[in-house]
Amino acid sequence: MKILVVDDFSTMRRIVKNLLRDLGFTNTQEADDGLTALPMLQSGDFDFLVTDWNMPGMTGLDLLKHVRADDKLKTLPVLMVTAEAKRDQIVAAAQAGVNGYVVKPFTAAVLKEKIDKIFERVEG
Amino acid sequence: MAELQLDPHAPSFQQEMKALAEDLLQKIDGGDLGKVVGVVNNINEVRDRTLYDEIGKLTRGLHNAIKDIKSGDELSEDSGIDQASDKLAYVIEMTDKAANRTMDLAEEGMPLNLENLEGAIKLQEQWQKFLRKELKPNEFRELTKQIDAYLSQTQINSKKISSQLSDILMAQDFQDLTGQVIQRVTKLVAEVETRLVDLIAMAGEVDRITGISHGESDQTETPQEKDKKIIAEGPQIDTSLDGVVGGQDDVDDLLSSLGF
């Protein structure tokens, strides 16, 4: 399982990577916004994308839209981990095709639960 | 900060206008048109003078406001706003450093703790065997060596973990420093706001004298326009606001209502 973690803050990437490692996912790579993430996704064989929303360059929502519009990437499971906490925003992310939505600050248990749920659906 | 108060001894615009208006009525009643025109000229003069005064104050106020914001620190040529940006960049740097230091220490400590745990589990298995009298004499001799090694190693690990934990505590000292910096920036923002409010009050005086009124066309946004703009806003400080979720449970409820 190869995972791309996208967040503009290196500390948050590190936290997410640590949590993923604890959950048994050791093959992770990082990008600091949508613009750097998109080419990595297009050229790499990633199985899962964990992205923040609010980033310079390209936001996580735009990244999600690009992923869904790309024939090769459109089925990639995407989990959004973000501080954006307005109903309108969550609805917009859902409409754009997000697979899970975690609001910051979050716990390891919540992240695990959402990831498990996403893979249950994807595999089931 | 320089004050923008009016001269308290000067008669107000209203007082002057009132006196002149009364004078004007008297002159009209007196029937001397030449004097009436003279008073009208006086009225115009007072109005113009007041207008120039107010515009002068407004200009001076703007100048002072810019000067005040700039003079955050006499030793520096940077403006207060530049300094505030630098200060906030310092906050980001400090919090970033503290977060990474804390994570470094926690990551160093985790394997040590795991070593203690795994060692204890292994010893307990052997110990249970011993209690059940299942250990052969040579196995028992091996066990005593293992216990001895474990006791030494655990002490070393525990000491390291203790020092890592206290370093983690120390790494939180950023809160004090960043807190002070943020308080200063907050103060600057409040000062800028006060300045702007003063300027608006002065501009209002000019508007009143000239009879200018501003339309309110630029502030309304239709709900449809607002709906279209789904943009990143950063963390919501007040989760009691309308349309803001209170936490992960609300997010889950909302998503499940959308069929997730």
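Here the structure is a predicted model, which is why all the values come from computation and not from measurement.

Brief notes about the nonpolar core
Right, so step 1: Leu 4, Val 6, Leu 41, Leu 49, Leu 63, Val 67 and Tyr 101 of chain A are the most contacted members of the largest nonpolar core, which totals 32 residues.
Right, so step 2: Residue assignment for this core shows that the elements contributing at least two residues are strand E1 (2-6), helix H2 (34-43), helix H3 (60-69), strand E4 (78-82), helix H4 (87-95) and strand E5 (100-103) of chain A together with helix H7 (248-257) of chain B.
Right, so step 3: With four residues, H3 of chain A is the single largest residue contributor to this core.
Right, so step 4: Discounting chain neighbours no more than four positions away, the residues touching Leu 63 of chain A are Val 6, Gly 34, Ala 37, Leu 38, Leu 41, Leu 49, Thr 51 and Met 58 of chain A.

Here's the deal with empty space enclosed by the protein
Regions of empty space are outlined by a rolling probe, equal in size to a water molecule, passed over the atoms.
Residue and element names in this part refer to chain A.
Right, so step 1: Scanning the model with the defined rule gives one cavity of 30 Å³ or more in all.
Right, so step 2: Those elements that place two or more of their residues in the lining of the largest cavity are E1, helix H1 (10-22) and strand E3 (48-51).
Right, so step 3: Top contributing element to the lining of the largest cavity by residue count: H1, with three residues.
Right, so step 4: Here the residues of the lining of the largest cavity sort into six nonpolar, one polar and three charged.

Quick notes on the UniProt feature "modified residue: 4-aspartylphosphate" (unreviewed entry) in chain A
Residues and elements named next belong to chain A.
Right, so step 1: Taking the numbering used here, the UniProt-annotated feature "modified residue: 4-aspartylphosphate" (unreviewed entry) corresponds to Asp 52.
Right, so step 2: Judged by its relative accessible area of 5%, Asp 52 is buried.
Right, so step 3: Apart from the residues lying within four places of it in its own chain, the contact partners of Asp 52 are Val 6, Asp 7, Asp 8, Gly 60, Val 81, Thr 82 and Lys 104.

Some remarks on the sheet that holds strand E2 (residues 27-31) of chain A
Residues and elements named next belong to chain A.
Right, so step 1: With parallel pairing, five strands are arranged side by side in an open sheet as E2-E1-E3-E4-E5. Of all the strands in the sheet, just E2 and E5 have a single pairing partner and so form its edges. Direction aside, the axes of adjacent strands within the sheet are offset by 20° on average.
Right, so step 2: Relative to E2, E1 is paired through five bridges, and the arrangement is parallel. When the bridges of E2 are listed, Val 5 appears paired with Glu 30.

Some thoughts on a nonpolar patch on the surface
Right, so step 1: A cluster of nonpolar side chains, contributed by Leu 114, Leu 117 and Ile 121 of chain B, occupies part of the molecular surface with about 270 Å² of accessible area.
Right, so step 2: Residue position: Ile 121 of chain B is located in helix H3 (residues 80-131).

Section: the interface of chain A and chain B
Right, so step 1: Every contact between the two is made by 29 residues of chain A and, on the other side, 25 residues of chain B.
Right, so step 2: In this assembly, chain A packs against chain B so that about 2400 Å² is buried in total across both faces, 60% of it on carbon and sulfur atoms.
Right, so step 3: Of all residues in chain A, Arg 14, Lys 86 and Arg 87 of chain A bury the most surface against chain B, accounting for 25% of the area lost on that side.
Right, so step 4: The tally of links from chain A across to chain B stands at four salt bridges.
Right, so step 5: Glu 233 of chain B is the salt-bridge partner of Lys 86 of chain A, the closest N and O atoms lying 3.4 Å from each other.
Right, so step 6: In this structure, the connection of chain A to chain B is made through 13 residue pairs in polar contact (both at pLDDT 80 or more).
Right, so step 7: Going through the elements one at a time, H1, H4, E5 and helix H5 (108-123) of chain A are the ones with two or more residues in the side of chain A that touches chain B.
Right, so step 8: Residue contributions to the side of chain A that touches chain B peak at seven residues, all from H4 of chain A.

Scoring rules and cut-offs
Residues numbered from 1 in each chain as written. Chains lettered and ligands numbered in written order. Predicted model: local features only at pLDDT ≥ 70, side-chain atom pairs only at ≥ 80, totals over all residues. Heavy atoms only, no water. Core = buried A, V, L, I, M, F, W, Y, C linked by side-chain atoms within 4.5 Å. Buried < 20%, exposed > 50% of the residue type's maximum accessible area, 1.4 Å probe, protein only. Helix = DSSP H or I, 4+ residues; strand = E, 2+ residues; numbered from the N terminus. Contact = heavy atoms within 4.5 Å. 1 Å grid on protein atoms, 1.4 Å probe; cavity = no way out; pocket = protein on both sides within 12 Å on 5 of 7 lines; lining within 4 Å. Points joined across faces, edges and corners; volume = space filled by probe spheres on them. Nonpolar A, V, L, I, M, F, W, Y, C, P; charged D, E, K, R; others polar. UniProt positions renumbered as here; feature names shortened; annotations may be inferred. Pairing = 2+ DSSP bridges. Axes fitted to C-alpha atoms, helices over the stretch in contact; angles between N-to-C directions. Patch = residues over 30% accessible without salt bridge, like charges linked within 9 Å, V, L, I, M, F, W, Y side chains within 5 Å. Areas by Shrake-Rupley, 256 points an atom, 1.4 Å probe, with all protein chains shown as cover. Salt bridge = Lys/Arg side-chain N within 4 Å of Asp/Glu carboxyl O. Buried area = accessible area lost by both parts, 1.4 Å probe. Polar contact = N/O pair within 3.5 Å; in protein donor to acceptor, adjacent residues only side chain to side chain.

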